[in-house]
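Take a look at the letters that make up each chain.
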Amino acid sequence: MGGAQVTSWKDKSANAYTAGDATSYGATTHSLPTYSAGNGVSFDGTTNILEVVGGIYPNNAAISDSDYFIVTTSVTNKYQFLFYNNLPTTSSGPRISAHMPWIDSTIYWDHSTRIAISWGGNSSVYNRKYIYNLGASVSGQQSIARDGNILSSINGSSATIYTKLSTHTFFLGNGYTGSGASHNGVISEFIVYSRRLNSAEKNILQSYLAAKHANPGGAGAANRYTNTVYKFHVGGIGQESDGSLTTGTSAGLTIANTSFLATGNYVLAGLPALSPATGSTAADVPTGFNARSQRIWYLNRTGTGTGAISLSFKLSDLGMTATNGQRLALLSRSETTGTFASLATTNYNGSGTASFSISDPQTGYYVLALAPLPILTASLSNIVQSDGINVSDFKAIPNALIKVSANMTNSGQGSPDANSTTLTLPVPANMTFFVGDIGSVGGGPVTFNQGSPTSSLTYTYTALGSTSDGLEFSNDSGTTWTYAPVPDGQQGDTHITHVRIKPGGSFATSTAAPFPNFSVDYGLLVK
């Protein structure tokens with residue numbers, strides 16, 4: 001809605017210092033600025049103003065250090081305030097404010113004390129969007145920087161403390177009542193810190209602002225992000241000699257340092273839209289995955305070294321869901337198109353977040369992917385194989401041997417992790433597990449039958465007490481699996497409560513019936 005009046009400019013921080021109508025102006029002529037989509041809030045240079053009633057600092061707060069970041073344009077030099085912290089009706093006393101530029105073609109930055117720089121002497125251009133960083137510290141430097149380059153600075157405690165009184169307010173785009181000093185230009189973004197940021201924090205913030213607002217000058221020497229398409233929600237990590245930023249976010253993605261950061265190293269990520277895509281798609285996924293996030297991040301890496309970072313995705317922000325134990329993957333590619341490759345995998349733990357660790361992160365495009373789930377079903381059937389009395393038509397009488405067949409089928413498009421398929425068989429209370437050879441001599445108490453289509457799993461049997469084959473026994477209801485069976489006179493062991501069959505390999509998959517399967521045969525003795 002180009003030209004619509006701005007009645008409220010909301011603060012995105014937890015402070016909720018929302019700017020609205022300048023009620024402190026009372027009957028003094030004033031008006032609301034207008035909004036231009038893709039540009040910012042336009043102040044007309046006459047009566048436009050916004051106010052945060054009560055100011056943007058807590059009452060009685062002593063502000064010794066500040067960093068202001070403003071994306072703005074100026075139409076001309078005139079009597080104008082870009083912003084103003086002080087009494088609403090007079091400029092007397094200490095204040096925090098800026099003129100961009102004043103009638104004398106000078107940029108002024110007041111932090112109780114003032115520094116200035118000529119507008120025309122710095123190749124300044126009217127109606128051009130600039131990123132300003134106005135910094136002040138009572139124990140260090142007061143400075144004016146534009147597009148990452150310092151225009152003016154004074155070292156040695158030039159700034160003095162501004163004390164926020166309960167009678168103070170904050171005006172945006174204008175000054176105190178009756179000053180007639182409305183800014184003539186656009187303010188696209190306004191960020192305030194009541195501390196000085198280190199160089200890495202500044203570089204990351206200015207890279208974000210330059211990308212988002214398509215600033216022709218970028219962020220100058222501060223720019224650590226180069227993609228002009230994936231320019232929204234830029235955030236990340238970095239380090240310079242005076243400090244670091246070890247965690248950064250980008251609309252559902254959190255980047256955290258593990259061992260990568262060193263002086264001059266950065267990893268920043270951005271998205272191609274202010275309202276990024278949600279949901280999933282199957283486009284460009286590698287074999288083994290059936291869906292990835294619609295949301296694609298561009299990661300820009302600066303600096304050397306092969307250290308590690310972690311990338312964590314918040315599934316709800318991406319509009320995605322996963323099932324406990326489902327295999328998730330971090331995919332990447334170096335170009336805007338083409339099939340992604342898997343960099344790292346993890347099994348989802350139900351936390352709502354999927355995290356991956358990668359070493360030597362590379363510039364490129366990154367997404368979160370989901371592997372299809374296996375759908376495993378099991379069924380049982382049995383026959384009486386012998387009863388010790390009859391020669392045919394055997395009965396399930398005491399001491400009879402029941403041959404049980406257990407079948408397992410994977411009808412899903414996903415496979416369990418390699419070597420993780422397990423079939424656990426409880427022994428009924430009225431039965432004893434048969435530990436003799438149920439099939440061929442020496443074959444053991446379990447026979448493994450490959451299905452059609454094949455399961456692609458393999459089974460090995462060595463001996464009843466083996467700890468390395470595919471057969472395990474428990475004598476404590478499955479709490480432990482180290483029991484070594486001891487056959488009795490009927491080749492049974494009454495101590496066995498559960499049997500576990502662990503074939504090796506990965507369970508095959510199919511998109512349609514018949515589905516891969518296998519079966520096992522084992523024996524139970526009727527008590």
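Remember, it's a predicted structure, so these values are computed and weren't measured experimentally. (Residues numbered from 1 in each chain as written. Predicted model: local features only at pLDDT ≥ 70, side-chain atom pairs only at ≥ 80, totals over all residues. Heavy atoms only, no water.)

S.K.: What is the right way to look at the overall build of the protein in this model?
M.R.: Scanning the protein for helices and strands turns up two helices and 38 strands. Relative to a compact globule of 527 residues, whose C-alpha radius of gyration would be 24 Å, the protein shows 35 Å and is clearly more extended. A principal-axis box enclosing the C-alpha atoms of the protein has dimensions of 115 × 45 × 45 Å. Split into buried and exposed, the 527 residues of the protein put 49% on the buried side. Of the roughly 22200 Å² of accessible surface on the protein, 50% is carried by carbon and sulfur atoms. Computed over 26 positive and 27 negative side-chain charges, the inter-centroid distance for the protein is 11 Å. (Helix = DSSP H or I, 4+ residues; strand = E, 2+ residues; numbered from the N terminus. Rg over C-alpha atoms; globule rule 2.2 N^0.38 Å. Buried < 20%, exposed > 50% of the residue type's maximum accessible area, 1.4 Å probe, protein only. Areas by Shrake-Rupley, 256 points an atom, 1.4 Å probe, with all protein chains shown as cover. Lys, Arg positive; Asp, Glu negative; His and termini not counted. Charge placed at Lys NZ, Arg CZ, Asp CG, Glu CD.)

S.K.: I keep staring at the nonpolar core and nothing clicks. Help me out?
M.R.: If you look at the biggest cluster of nonpolar residues, it comprises 35 residues, and the most contacted ones within it are Tyr68, Phe83 and Trp109. Top contributing element to this core by residue count: strand β11 (residues 130-137), with four residues. For Tyr68, the residues in contact, after removing those within four places along its chain, are Ile56, Tyr57, Phe83, Asn85, Ile96, Trp109, Tyr132, Asn133, Leu134, Phe190, Ile191 and Val192. (Core = buried A, V, L, I, M, F, W, Y, C linked by side-chain atoms within 4.5 Å. Contact = heavy atoms within 4.5 Å.)

S.K.: Honestly, the sheet that holds strand β15 (residues 169-172) in this entry has me stumped. Any pointers?
M.R.: Strand pairs in the sheet, formed through backbone hydrogen bonds, run parallel or antiparallel to each other. Taken in spatial order, the six strands line up as β4-β15-β7-β8-β9-β10 in an open sheet, and their pairing is antiparallel. Bordering the open sheet on either side are β4 (50-52) and β10 (113-118), each of which pairs with just one other strand. Across the sheet, the mean angle from the axis of one strand to that of its neighbour is 15°, orientation sign disregarded. Alignment of strand β9 (residues 106-111) against β10, held across six bridges, turns out to be antiparallel. When the bridges of β10 are listed, His111 appears paired with Thr113. (Pairing = 2+ DSSP bridges. Axes fitted to C-alpha atoms, helices over the stretch in contact; angles between N-to-C directions.)

S.K.: When you look at the sheet that holds β11 in this model, what are you seeing that I'm missing?
M.R.: With respect to topology, eight strands assemble into an open sheet ordered β1-β2-β3-β16-β6-β11-β12-β13, the strand pairing being antiparallel. Each edge of the sheet is formed by a strand with only one pairing partner; in this case those strands are β1 (4-5) and β13 (149-155). Sheet analysis places strand β6 (residues 65-72) next to β11, joined by eight bridges and oriented antiparallel. If you follow Asp65 over to β11, its bridge partner there is Ser137. Docked against the sheet, helix α1 (residues 199-212) engages β6, β11 and β16 (184-193), running at close to 150° with respect to β16.

S.K.: Whenever I open this one, unusual backbone geometry confuses me. Can you help?
M.R.: Negative phi is the rule for most residues except glycine; trans is the rule for most peptide bonds. Along the chain, Met100 connects to Pro101 via a cis peptide bond; the corresponding omega equals -15°. With respect to the helices and strands, the residue Pro101 is situated in the loop between β8 (96-99) and β9. Each neighbour pair has its own omega, and for Ala513 with Pro514 the value is 0°, a cis peptide bond. Its place among the elements puts Pro514 in the loop between β37 (498-501) and β38 (517-526). Positive phi, close to 60°, is recorded for Ser477, a residue that is not glycine.

S.K.: What should I look at first to understand the layout of surface pockets in this one?
M.R.: Empty pockets left among the atoms are what a rolling probe the size of a water molecule brings to light. Of the volumes computed, that of the largest pocket is approximately 1700 Å³. Residue lining of the largest pocket: 50 residues in total, with Lys12, Glu189, Phe190, Ile191 and Tyr208 positioned closest to the centre. Secondary structure elements with two or more residues in the lining of the largest pocket: β2 (34-36), β3 (40-44), β15, β16, α1, β17 (232-240) and β19 (247-250). If you tally residues by element for the lining of the largest pocket, the top one is β16, at seven residues. Along the lines of polarity and charge, the residues of the lining of the largest pocket split into 26 nonpolar, 15 polar and nine charged. (1 Å grid on protein atoms, 1.4 Å probe; cavity = no way out; pocket = protein on both sides within 12 Å on 5 of 7 lines; lining within 4 Å. Points joined across faces, edges and corners; volume = space filled by probe spheres on them. Nonpolar A, V, L, I, M, F, W, Y, C, P; charged D, E, K, R; others polar.)

S.K.: Help me out: how do you make sense of the environment of Pro516 in this one?
M.R.: Of note, Pro516 is situated in the loop between β37 and β38. As for Pro516 and Gln450, which are separated by 66 residues in sequence, their C-alpha atoms are 9.2 Å apart. Apart from the residues lying within four places of it in its own chain, the contact partners of Pro516 are Met408, Thr409, Asn410, Pro453, Thr454, Ser455, Phe507, Ala508, Thr509 and Ser510.

S.K.: Mind showing me how you'd approach the pairing of β3 here?
M.R.: On a regular strand, each side chain points to the face opposite its neighbour's, so the side chains alternate between the two faces of the sheet. As paired strands, β2 and β3 are joined by three bridges and run antiparallel to one another. Bridge pairing in β3 places Ser36 opposite Gly40. The hairpin formed by β2 and β3 contains three residues between the paired strands, and Gly38 there has a positive phi angle of roughly 80°.

S.K.: Looking at this structure, how should I read α1?
M.R.: Quick reminder: α-helices carry 3.6 residues per turn. Residues three or four places apart thus point the same way. If you check α1, its first and last C-alpha atoms are 20 Å apart, about what 14 residues at 1.5 Å a residue would give, namely 20 Å. The buried count for α1 comes to 13 of 14 residues, which makes it a mostly enclosed element. The backbone nitrogen of Ala200 has a side-chain oxygen 3.1 Å away, supplied by the residue at the start of α1, namely Asn198. (Expected span 1.5 Å × (residues − 1). Polar contact = N/O pair within 3.5 Å; in protein donor to acceptor, adjacent residues only side chain to side chain.)

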